Amino acid sequence: MNAQVEALRARFNALAPREKLMVLAAAAVIVFALVWVLAIGPALATLRTADEQRRVLDGEMQRMAALKTQALALQSQPKPNRDEAMRQLQQSVQQRLGTAGRMTISGDRVTVAVAGVPADALAQWLAQARSAAHSLPSDAHLTRNASGLWEGNLVLVLPRT
């Protein structure tokens with residue numbers, strides 16, 4: 001290895017001053033390019049995207065805080081007994097789904113068949129069933145029909161008392 005370095009050094013010393021200057025300039029350009037590609041470029045790219053990433057993370061943090069608040073509110077509510085939960089669930093089906101929803105009760109499970117329900121009504125009903133009756137969805141078989149409405153069955157589990 002020392003022999004190779006000595007050979008390069010001897011060859012460099014044999015160059016004319018103008019050639020030495022060009023070799024040193026080329027080496028400086030190569031070093032600068034390597035520093036740019038390996039250090040400065042990635043750092044600048046990170047700086048350019050930092051504000052957008054911070055905004056995205058702030059939005060996610062706000063959503064997580066809202067979900068935490070909602071979860072704490074649900075946990076603080078007293079759990080209804082089975083009969084009260086059943087009544088609340090039946091009332092929510094009648095209010096939100098109307099004739100498009102039918103309930104079938106089997107032990108602590110309730111199957112709700114829906115036919116021709118808009119997505120927003122279905123989402124509102126699920127939120128109401130979750131908060132008022134403390135029921136948990138355990139199974140869902142839903143399809144979207146040609147007119148964009150939802151059809152199928154949802155199985156909910158009532159709270160145990």
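Our structure is the block above this text.
This one's a predicted model, so the numbers in the text were calculated from it and none came from an experiment. (Residues numbered from 1 in each chain as written. Predicted model: local features only at pLDDT ≥ 70, side-chain atom pairs only at ≥ 80, totals over all residues. Heavy atoms only, no water.)

Right, let's get into the sheet that holds strand 4 (residues 150–157). Strand pairing within a sheet occurs via backbone hydrogen bonds; the two strands may be parallel or antiparallel. On the basis of which strands lie adjacent, the open sheet formed by four strands has the order 1-2-4-3 and antiparallel pairing. On the outer flanks of this sheet lie strand 1 (101–106) and strand 3 (136–144), each paired with one strand and no other. For this sheet, the mean angle separating the axes of adjacent strands, direction not counted, is 15°. Judged from the six bridges that link them, strand 1 and strand 2 (residues 109–117) form a sheet pairing that is antiparallel. Along strand 2, the bridge assignment pairs Met103 with Val112. (Pairing = 2+ DSSP bridges. Helix = DSSP H or I, 4+ residues; strand = E, 2+ residues; numbered from the N terminus. Axes fitted to C-alpha atoms, helices over the stretch in contact; angles between N-to-C directions.)

With that settled, the discussion passes to the packing of aromatic side chains. Counting across every chain of the model gives one aromatic pair. Relative to Trp36, the ring of Phe32 lies with its centre 6.3 Å away and its plane at 35°, an arrangement referred to as tilted. On the criterion of helical spacing, the pair formed by Phe32 and Trp36 is a turn pair, its members being four residues apart in helix 2 (residues 17–76). Looking at Phe32, the relative accessible area reads 54%, which means it is exposed. Residue class for Trp36 comes out partly exposed when judged on its relative accessible area of 38%. Here Lys20 stacks its cationic end above the ring of Phe12, 5.7 Å away from the centre of that ring. (Phe/Tyr/Trp six-rings, centres within 6.5 Å; stacked < 30°, edge-to-face > 60°. Buried < 20%, exposed > 50% of the residue type's maximum accessible area, 1.4 Å probe, protein only. Lys NZ or Arg CZ within 6 Å of the ring centre and 35° of its normal.)

A word on the packing of helix 3 (residues 82–97) against helix 4 (residues 119–132). Relative orientation of the contacting elements helix 3 and helix 4 amounts to 160°, with a least axis distance of 9 Å. Classed by the angle they form, the pair helix 3 and helix 4 counts as roughly antiparallel. Helix 4 is crossed by helix 3, and the crossing has right-handed handedness. Residues Gln88, Leu89, Ser92, Val93, Gln95, Arg96 and Leu97 of helix 3 touch helix 4, and the partners they reach there are Ala121, Gln124, Trp125, Gln128, Ala129 and Ala132. Of the residues that constitute the contact of helix 3 with helix 4, the class distribution is seven nonpolar, five polar and one charged. (Parallel < 35°, antiparallel > 145°, perpendicular 65-115°, else oblique. Left-handed = near helix turned anticlockwise from the far one by under 90°. Contact = heavy atoms within 4.5 Å. Nonpolar A, V, L, I, M, F, W, Y, C, P; charged D, E, K, R; others polar.)

Here we take up helix 3. Here helix 3 contains 16 residues, and its C-alpha end-to-end distance of 21 Å stays within 8% of the 22 Å for a straight helix at 1.5 Å per residue. Lining the buried residues of helix 3 we find strand 1, strand 2, helix 4 and strand 4. (Expected span 1.5 Å × (residues − 1).)

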